[in-house]
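If you want the building blocks of each chain, they are given just below.
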Amino acid sequence: MCPIIDDSEGWLIIDVQKLKDALAKLPLEMQKLSVIKTHTGICTPQLSEYLNGKRYPDLKNFKKLCIYAQISADDLLCLRNIDLT
């Protein structure tokens, strides 16, 4: 069994910097908040608050962001598996 380790020590819901980094890897046009809004349906003020760490997405928006930014949920949540074998 591989236990799951929380690299954020439980205080962080999502790693905002990892979200920013994932979005930065997308083509420039896809990094614009207006384009993200169009593709995800998440309003621009919410996106801005997510990216500034002032607010965290609900599960539905979390999933949309993972898909759009092409980042795994585990990475965005700072979770990793430790293989004890």
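This section reports on the structure supplied with the text.

Criteria and cut-off values
Residues numbered from 1 in each chain as written. Predicted model: local features only at pLDDT ≥ 70, side-chain atom pairs only at ≥ 80, totals over all residues. Heavy atoms only, no water. Buried < 20%, exposed > 50% of the residue type's maximum accessible area, 1.4 Å probe, protein only. Helix = DSSP H or I, 4+ residues; strand = E, 2+ residues; numbered from the N terminus. Arc of directions from axis to C-beta. Contact = heavy atoms within 4.5 Å. Polar contact = N/O pair within 3.5 Å; in protein donor to acceptor, adjacent residues only side chain to side chain. Core = buried A, V, L, I, M, F, W, Y, C linked by side-chain atoms within 4.5 Å. Salt bridge = Lys/Arg side-chain N within 4 Å of Asp/Glu carboxyl O.

Attention now goes to helix 1 (residues 16-24). What helix 1 keeps buried is the set Val16, Leu19, Ala22 and Leu23. End-on view of helix 1: buried residues confined to an arc of 125°, all on one side of the axis. Looking at the packing, one finds that the buried side of helix 1 touches helix 2 (33-40), helix 3 (44-51), helix 4 (59-69) and helix 5 (73-77). In this structure aspartate 15 caps helix 1, since a side-chain oxygen of it lies 3.0 Å from the backbone nitrogen of glutamine 17.

As a further point, take the nonpolar core. Side chains that are nonpolar tend, in soluble globular proteins, to be buried together. Core analysis: the largest hydrophobic core is formed by 18 residues, its most contacted members being Leu19, Leu23, Leu47, Leu65, Tyr68, Ala69 and Leu76. Elements represented by at least two residues in this core include exactly helix 1, helix 2, helix 3 and helix 4. At five residues, helix 4 tops the list of elements feeding residues into this core. Once residues lying within four places of it in the same chain are set aside, the contact partners of leucine 23 are Gln31, Ile36, Leu51, Tyr68 and Ala69.

A few words now on the pattern of salt bridges. Under the criterion given, the structure shown has two salt bridges. Glutamate 29 serves as the salt-bridge partner of lysine 32, at 3.2 Å between the closest nitrogen and oxygen. Lysine 32 sits in the partly exposed class, given a relative accessible area of 43%. A salt bridge links glutamate 49 to arginine 55, with the shortest nitrogen-to-oxygen separation between them at 3.2 Å. What makes glutamate 49 partly exposed here is its relative accessible area of 31%.

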